[in-house]
Amino acid sequence: MVARWLSRILGAVVLLAVLLVGGTALRVWQVARTDERDKVDAIIVLGSTQVNGVPKPILQARLEHAKMLYEQGVAPEIMTVGGKQPGDAYTEAQAGTKYLAEQGVPRSALVSVGEGNDTLVSLVAAGKRLHDQGRSSAVLVSDPWHSLRSRTMARDAGISADVSPTHGGPVVQQRSTEIRYIVRETAALLYYRLTRTSADEIGSA
């Protein structure tokens with residue numbers, strides 16, 4: 001009798017876990033296909049790898065998408081975020097600002113917030129910058145699979161955030177890559193919801 005109840009309880013726990021993971025993965029996939037371009041206070045570009053101030057392809061794709069949104073009048077400002085690794089001469093934010101200026105975006109429309117080596121810390125810093133200026137709304141630019149987690153973190157940081165993910169670059173070129181990133185982002189988002197801390201070593205920022 002006890003064994004039967006334990007088996008039922010174990011089965012229920014396993015079923016709930018499967019539903020939780022599957023539902024989260026589905027939401028990651030759904031939000032990856034969301035593209036919101038209402039007028040906001042700022043376009044926030046999530047950081048990624050740069051070398052000596054030159055964005056690597058993932059970051060470059062995000063910056064090009066942000067530039068397009070700026071030119072469409074989505075926001076009067078592009079805010080690049082992201083810190084630097086030991087030994088780096090530039091933060092990810094500085095590399096982003098430098099690249100956009102070289103592509104013709106006015107310096108007056110660029111803001112660099114070079115704090116944080118993970119999504120959460122960077123978005124908290126971006127939120128503080130917006131709030132200090134009496135603003136709160138933003139469109140986040142990142143890779144499709146990163147959109148749900150970054151939006152969740154941004155809203156928790158007090159940013160009225162929507163997402164406009166990139167649709168180019170190495171992250172979205174192959175089906176196998178997409179599946180891998182969805183799995184990683186599902187794990188990272190569940191980790192964040194449980195701990196309220198970032199897990200960018202699991203996810204992809």
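Residues numbered from 1 in each chain as written. Predicted model: local features only at pLDDT ≥ 70, side-chain atom pairs only at ≥ 80, totals over all residues. Heavy atoms only, no water.

Trainee: Quick rundown of the overall build of the protein? Include the residues and the values.
Mentor: The helix and strand inventory of the protein stands at 6 helices and 7 strands. The helix and strand sequence of the protein, counted from the amino end, reads α-β-β-β-α-β-α-β-α-β-α-β-α. Looking at the 205 residues of the protein, the share that counts as buried comes to 47%. Expressed as a percentage of contacts within the protein between residues at least 6 apart in sequence, the contacts between residues at least 24 apart total 69%. Accessible surface for the protein amounts to roughly 10100 Å². Of this, 56% is attributable to carbon and sulfur atoms. (Helix = DSSP H or I, 4+ residues; strand = E, 2+ residues; numbered from the N terminus. Buried < 20%, exposed > 50% of the residue type's maximum accessible area, 1.4 Å probe, protein only. Contact = heavy atoms within 4.5 Å. Areas by Shrake-Rupley, 256 points an atom, 1.4 Å probe, with all protein chains shown as cover.)

Trainee: I'd like to hear about the pairing of strand β6 (residues 137–141), residue by residue, with values.
Mentor: In terms of burial, β6 is largely enclosed, as 5 of its 5 residues are buried. Along β6, one buried face is formed by Ser137, Val139 and Val141 and the opposite face, lined by Ala138 and Leu140, is buried too. Looking at chain direction, strand β1 (residues 42–45) and β6 are connected through 4 bridges and run parallel. Residue pairing in the sheet places Ile44 in a bridge with Leu140 of β6. Taken together, β6, helix α5 (residues 147–156) and strand β7 (residues 160–163) form a β-α-β motif whose crossover is right-handed. (Pairing = 2+ DSSP bridges. Right-handed = clockwise from strand over helix to strand, strands pointing away.)

Trainee: Describe the nonpolar core, naming the residues involved and giving the relevant values.
Mentor: Counting residues in hydrophobic clusters, the biggest one holds 28 residues, and the most contacted among them are Ile44, Met79, Val81, Leu123, Leu130, Leu140 and Ile159. Looking at this core element by element, the count peaks at 5 residues for helix α4 (residues 119–132). Membership of the second largest hydrophobic core comes to 17 residues, among which are Val40, Ile43, Leu63 and Ala75. (Core = buried A, V, L, I, M, F, W, Y, C linked by side-chain atoms within 4.5 Å.)

Trainee: Tell me about the environment of Arg193, and please be specific about residues and values.
Mentor: Along the chain, the position of Arg193 falls in helix α6 (residues 175–195). Arg193 gets classed as partly exposed once you look at its relative accessible area, which sits at 42%. Taking the C-alpha atoms as reference points, Arg193 and Met153, separated by 40 residues in sequence, lie 9.5 Å from one another.

Trainee: So what's going on with the sheet that holds β7? Which residues, and what values?
Mentor: On the basis of which strands lie adjacent, the open sheet formed by 5 strands has the order β5-β4-β1-β6-β7 and parallel pairing. Every other strand in the sheet has two partners, leaving β5 (110–113) and β7 as the edge strands with one partner each. Averaged over neighbouring strand pairs, the angle between their axes works out to 25 degrees when direction is ignored. Bridging between β1 and strand β4 (residues 78–81) involves 3 bridges; their strand directions are parallel. Across the sheet, the residue bridging to Ile44 is Met79, located in β4. (Axes fitted to C-alpha atoms, helices over the stretch in contact; angles between N-to-C directions.)

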